[in-house]
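# Summary of the model geometry
So the chains spell out like this:
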Amino acid sequence: MNIIIDPEQLAEYQEKYTVLELDTFRILPENKQVKAYCVVETIPIMEMQLTESKRNLHNGLLENYRQRNWDYCHQALDHLIGSWSNELDSFYEDVRNRINVYMENDPGDMWDGIIEKHTA
């Protein structure tokens, strides 16, 4: 899987490939937000007709993740794992693991779904 973090490259890749948003990172101490996207280069011909519905489900997953709709997220993940030639399965498993932690330990009112990363 190829990852894009440069928003200027996004349009170019979207013309040729399926591009899906992944996570948003807050780089500290600069407090700069960076979105990561993946480029899905290979979609099996038998799954081509499902591309738009899978993309919508993926986007719904991210939207509901940020809204803390954990049940929706788990259901979406059940349908998404195995999609995209399994290229995103590690991402989907990571999201599921995060959700399981948040269900056990509420992330608090200030949580916005953005992953904080510190630069050295």
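Parameters at a glance
- Residues numbered from 1 in each chain as written.
- Predicted model: local features only at pLDDT ≥ 70, side-chain atom pairs only at ≥ 80, totals over all residues.
- Heavy atoms only, no water.
- Disulfide = S-S within 2.5 Å.
- Buried < 20%, exposed > 50% of the residue type's maximum accessible area, 1.4 Å probe, protein only.
- Helix = DSSP H or I, 4+ residues; strand = E, 2+ residues; numbered from the N terminus.
- Pairing = 2+ DSSP bridges.
- Axes fitted to C-alpha atoms, helices over the stretch in contact; angles between N-to-C directions.
- Parallel < 35°, antiparallel > 145°, perpendicular 65-115°, else oblique.
- Left-handed = near helix turned anticlockwise from the far one by under 90°.
- Contact = heavy atoms within 4.5 Å.
- Nonpolar A, V, L, I, M, F, W, Y, C, P; charged D, E, K, R; others polar.

Glancing now at the state of the cysteines. This model, assessed by the stated rule, comprises zero disulfides. Lacking any disulfide linkage, cysteine 38 is separated from the closest cysteine sulfur, that of cysteine 73, by 17 Å. Classification of cysteine 73 by relative accessible area gives buried; the value is 0%.

All right, on to the pairing of strand 2 (residues 18–28) then. Counting buried residues in strand 2 gives nine out of eleven residues, a clear majority hidden from the surface. Note: strand 2 against strand 3 (residues 32–40), eight bridges, orientation antiparallel. When the bridges of strand 3 are listed, threonine 24 appears paired with lysine 35. Where strand 2 folds back on strand 3, the antiparallel hairpin that results is connected by three residues, among which asparagine 31 adopts a positive phi of roughly 60°. Both strand 2 and strand 4 (residues 115–118) contribute to a ladder of four bridges, which runs parallel.

Moving on, we get to the sheet that holds strand 1 (residues 2–4). Sheets are built from strands that pair by backbone hydrogen bonding, the pairs being arranged parallel or antiparallel. The strand order across the open sheet built from four strands is 1-3-2-4, with neighbouring strands paired in mixed fashion. Either end of the sheet is taken by a strand with one partner, and the two such strands are strand 1 and strand 4. Direction aside, the axes of adjacent strands within the sheet are offset by 35° on average.

Helix 4 (residues 89–104) packs onto helix 2 (residues 51–66) with a crossing angle of 25° between their chain directions and a minimal axis gap of 12 Å. With respect to helix 4, the element helix 2 is oriented roughly parallel. For the pair helix 2 and helix 4, the crossing hand works out as left-handed. Residue-level contacts link His58, Leu61, Leu62 and Tyr65 of helix 2 to Phe91, Tyr92, Val95, Arg98, Ile99 and Tyr102 of helix 4. Its residues placed into classes, the contact of helix 2 with helix 4 shows eight nonpolar, one polar and one charged.

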